[in-house]
Amino acid sequence: MKKKIVLLGMMGCGKSTIGNVLSEKLKIDFIDTDKLIEKNVGLKIKTIFEKHGEDYFRNIEKKIISKLLLKKDSCVIAIGGGSLLNKEVRKIILKKTISIWLNTKKELIFKRCKKSNERPLLTMDNKKNYKIINNLLKIRKPLYSQAKI
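For the structure given in this document, a descriptive report is provided here. Everything numeric here is computed off the predicted structure, so don't read it as measured data.

Thoughts on the sheet that holds strand β1 (residues 5-8)
- Reading across the sheet, the four strands line up as β2-β3-β1-β4 and stay open at both edges, with parallel pairing between neighbours. Because the sheet does not close on itself, it has two edges, and the strands there are β2 (29-32) and β4 (98-101). Adjacent strand axes in the sheet meet at a mean angle of 20°, parallel and antiparallel pairs treated alike.
- In this sheet, strand β3 (residues 75-78) lies alongside β2 in parallel orientation, the contact comprising four bridges. Bridge assignment links Asp29 to a residue of β3, and that residue is Cys75.

Looking at the pairing of β1
- Alternating residues of β1 divide into Ile5 and Leu7 and Val6 and Leu8, and every residue in both groups is buried.
- Where β1 meets β3, three bridges bridge the pair, whose relative direction is parallel. Paired with Val6 across the bridge in β3 is Ile77.
- Across four bridges, the pairing between β1 and β4 is parallel. Note that in β4 the partner of Leu8 across the bridge is Trp101.

Some remarks on a positive patch on the surface
- Together, Lys3, Lys91, Lys95, Lys96 and Lys148 line one region of the surface with positive charge.
- Among the residues examined, Lys91 registers a relative accessible area of 59% and is labelled exposed.

Let's talk about the nonpolar core
- Leu8, Met10, Ile37, Ile77, Ile79, Leu84 and Ile93 are the most contacted members of the largest nonpolar core, which has 30 residues in total.
- Those elements that place two or more of their residues in this core are β1, α3 (45-52), α4 (54-70), β3, α5 (87-96), α6 (106-114) and α7 (126-144).
- With six residues, α4 is the largest single contributor of residues to this core.
- If we ignore the near neighbours within four places in the chain, the residues touching Ile77 are Lys4, Ile5, Val6, Leu7, Ile31, Thr33, Leu68 and Leu69.
- Counting seven residues, the second largest nonpolar core, distinct from the first, contains Ile5, Leu7, Ile100 and Leu102.

Re the packing of aromatic side chains
- Scanning the entire structure with this criterion turns up two aromatic pairs.
- Residues Trp101 and Tyr144 carry aromatic rings whose centres are separated by 6.1 Å and whose planes lie at 40° to one another, so their mutual orientation is tilted. Taken together, the positions of Trp101 in strand β4 and Tyr144 in helix α7 put the pair 43 residues apart, joining distant regions of the chain. With respect to class, Trp101 is no different from Tyr144; both count as buried.

The rules behind the values
- Residues numbered from 1 in each chain as written.
- Predicted model: local features only at pLDDT ≥ 70, side-chain atom pairs only at ≥ 80, totals over all residues.
- Heavy atoms only, no water.
- Pairing = 2+ DSSP bridges.
- Helix = DSSP H or I, 4+ residues; strand = E, 2+ residues; numbered from the N terminus.
- Axes fitted to C-alpha atoms, helices over the stretch in contact; angles between N-to-C directions.
- Buried < 20%, exposed > 50% of the residue type's maximum accessible area, 1.4 Å probe, protein only.
- Patch = residues over 30% accessible without salt bridge, like charges linked within 9 Å, V, L, I, M, F, W, Y side chains within 5 Å.
- Areas by Shrake-Rupley, 256 points an atom, 1.4 Å probe, with all protein chains shown as cover.
- Salt bridge = Lys/Arg side-chain N within 4 Å of Asp/Glu carboxyl O.
- Lys, Arg positive; Asp, Glu negative; His and termini not counted.
- Charge placed at Lys NZ, Arg CZ, Asp CG, Glu CD.
- Core = buried A, V, L, I, M, F, W, Y, C linked by side-chain atoms within 4.5 Å.
- Contact = heavy atoms within 4.5 Å.
- Phe/Tyr/Trp six-rings, centres within 6.5 Å; stacked < 30°, edge-to-face > 60°.

Printed below as a string of structure tokens:
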């Protein structure tokens with residue numbers, strides 16, 4: 001296989017879990033862009049958002065994803081839930097990779113995200129989080145639906 005496989009979808013949809021399994025089956029590397037960002041910046045994603053803001057994070061995310069996609073090696077890449085908001089990133093991923101949308105029901109996303117306090121766009125208030133997830137899905141679903149699979 002020569003193309004990269006990019007898993008996309010909302011936070012908590014299973015990109016990291018499925019990415020690990022898929023890369024093992026295909027015997028190719030797995031890269032989680034959130035983990036790569038944390039390694040490069042030296043901070044957790046949530047801390048990056050708190051200290052520097054979402055724009056700063058998205059800029060780093062764009063640079064890291066762009067570099068990954070220029071490499072020739074095949075791999076499975078799990079991108080952050082908001083990565084496709086960037087037009088350049090979206091264009092490259094949709095044109096040059098095998099993009100797979102993990103379309104997960106919002107109830108399951110909410111259930112999974114409820115267990116973690118590491119999600120930068122969510123709060124400790126579950127009622128607010130359900131509303132936030134709903135709003136994010138309205139914005140992002142049309143972008144995710146452009147995936148090849």
